[in-house]
Amino acid sequence: MASYNFFHLLLLVLLFSSHEVEKGCAWGREMANHEEHDTYAVEMKSLTPATTCKGFVKQRDADQAKGRGLTLAHRYGPCSPLAANHQSRDSRFILLRDQLRVRSMNILGQSRALPAGNSDEGARLPIHGGSPRAGEFVVTIGLGTPKVDLTLIFDTGSDITWTQCEPCPSCYTQQDPLFDPSKSTTYSKPRCTSSKCTYSIDYADESHSDGYYVQDILTLTPESRWVFIFGCGQNNSHGFGRTAGILGLGGGRTTEQTKSEFARIFCYCIPGRIAKQKTPPLIFDQNYPSFYFVNLVGIALGNQKFSLSSESPAPRTIIDSGTTFTRLPPPIYLAIRTEFANYMSNYPVAEPMSTLLDSCYDLRGQTNVSLPKMVLQFDNTNVSLDPSALVWRESDAQVCLAFMPNQRNNLIIIGNVQQRNLNILYNVQDGKIEFGKGNCGN
């Protein structure tokens, strides 16, 4: 069973003001004691994928009752709202899709996604399409009046939010009913300089969506509803599973639409332990508005530190919800892999999962396993990763270092495996990102 089921439940928070979002995302700001040792003793069962959705409905209802927004699920996990996805998938499929996304991100700013037609700046249309292939998590939102519930892929690397709409000349099969704007009493056309605002977006795996923009009510919770501009897909290829489209939360126009309601702040959290909140700055690049950059200056593994600022040129770092495995410049990856091998020398070496996921160990028969601690070192703070964020468990016989070398030496991508048990708040308005560890549901 592939380990992507491990983190089956996250929480996305989109609240009504900067104060409320930061308060709602502040779970886990309690100080953590300094750790003296360079390894964790990790129970093997804690690395085992979840196979049931115990407590999911209760947690979801409690979250919404407290105004904590939307519950996200891994698209192939046991809590996925996509019934057909409650099956274990071949990890080769995960690896292939992940590599396609990374290849696209390696060509920053050269997305094939282009707006087709004119748009009015005042309408704040999300015309910066450039998303690499969508990611691993899904969320259910409501559109229109009466509300139609739709399951969308959650993606911090995409600016366009779209769903398939009736009538649809060329749509793939989705689980939810198609959204029909004509049946919504709150539907309207956004302000445009032409009679129709259209979009066309292509993804790295050659999937695509073409359609037009509409304006209607977006519902996150019963208390959280506002007018939102999104794409109505009319010509959509396969490649999005049985989802109804994409919820794009990249740094461009979609989050700009939330400015008046949410001050361009959102966060998501994978439930975990309590730790200190960390706040490095977000870095924006007008040439690549979809991406969230951070200044990662070093990585510590165990008692060894690897400087990134000494690399020439110094690599840039993107944090991305849709990339699975963190990508590192080859020299840094090789150094970390070597150090990881030193810590794992008491365990038998296993066959690699792929040419990129190539540092694997056979942990059959182990009750506990000793893993080195990893810390991401930013400009003004350090973020300790959860023990589960260091490895990818395909089976007890194949537990692998969950990092890969990137073919582009000057780009680091922090993937969602390394975000396990981190509470991450994106404050786009103030240009900062906050990391903490905490129980998302309390």
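Treat the numbers as computed from the prediction; the structure is a model and nothing was measured.

Caption draft 1: View of helix α6 (residues 330-343). An ideal rise of 1.5 Å per residue puts 20 Å on 14 residues; α6 measures up with 20 Å between its terminal C-alpha atoms. Buried residues of α6: I332, Y333, I336, E339, F340 and Y343, and no others. Buried residues of α6, viewed axially, fall in a sector of 135°; they line one side.

Caption draft 2: The arrangement of the pairing of strand β10 (residues 224-236) in detail. Most of β10 is tucked away: 10 of the 13 residues are buried. Here strand β9 (residues 208-221) runs beside β10; their pairing, made up of 12 bridges, is antiparallel. Residue pairing for β10: D210 is matched across the bridge by N235. Remark: 2 residues form the turn of the hairpin made by β9 and β10, two consecutive strands paired antiparallel.

Caption draft 3: Fine view of the nonpolar core. With 43 residues, the main nonpolar core has I336, F340, V369 and L390 as its most contacted residues. A per-element tally of this core places α6 first, with 4 residues. Excluding its chain neighbours within four sequence positions, the residues that come into contact with V369 are Y40, A41, V42, M44, L47, M344, Y347 and L363. Counting residues in hydrophobic clusters, the runner-up holds 22 residues, among them F137, Y212, L218 and C232.

Caption draft 4: Focus on the packing of aromatic side chains. Throughout the structure, instances matching the rule amount to 9 aromatic pairs. Their ring planes at 65° and their centres at 5.9 Å tell us that F179 and F230 sit as a pair that is edge-to-face. Of the two residues, F179 sits in the loop between β7 (162-164) and β8 (198-202) while F230 sits in strand β10, which places them 51 residues apart along the sequence. Assigned by exposure class, F179 and F230 land together as buried. Grouped by ring-pair contacts, the aromatic residues W162, Y172 and F240 constitute a single cluster. Over the ring of F293 we find R316, and its NZ or CZ is 4.1 Å from the ring centre.

Caption draft 5: Inspection of the sheet that holds strand β18 (residues 360-361) at higher detail. Spatial ordering of the open sheet is given by β18-β23-β22, a layout of 3 strands whose pairing is antiparallel. Each of the sheet's edge strands pairs with one partner strand only, and the pair in question is β18 and β22 (391-395). Relative to strand β23 (residues 398-401), β22 is paired through 4 bridges, and the arrangement is antiparallel. Following the sheet pairing, S395 is matched in β23 by Q398. The strands touched by α6 within the sheet are β18, β22 and β23, with β23 carrying the most contacts at an inclination of about 135°.

Cut-offs applied
Residues numbered from 1 in each chain as written. Predicted model: local features only at pLDDT ≥ 70, side-chain atom pairs only at ≥ 80, totals over all residues. Heavy atoms only, no water. Helix = DSSP H or I, 4+ residues; strand = E, 2+ residues; numbered from the N terminus. Expected span 1.5 Å × (residues − 1). Buried < 20%, exposed > 50% of the residue type's maximum accessible area, 1.4 Å probe, protein only. Arc of directions from axis to C-beta. Pairing = 2+ DSSP bridges. Core = buried A, V, L, I, M, F, W, Y, C linked by side-chain atoms within 4.5 Å. Contact = heavy atoms within 4.5 Å. Phe/Tyr/Trp six-rings, centres within 6.5 Å; stacked < 30°, edge-to-face > 60°. Lys NZ or Arg CZ within 6 Å of the ring centre and 35° of its normal. Axes fitted to C-alpha atoms, helices over the stretch in contact; angles between N-to-C directions.

That is the geometry; function is a separate question.
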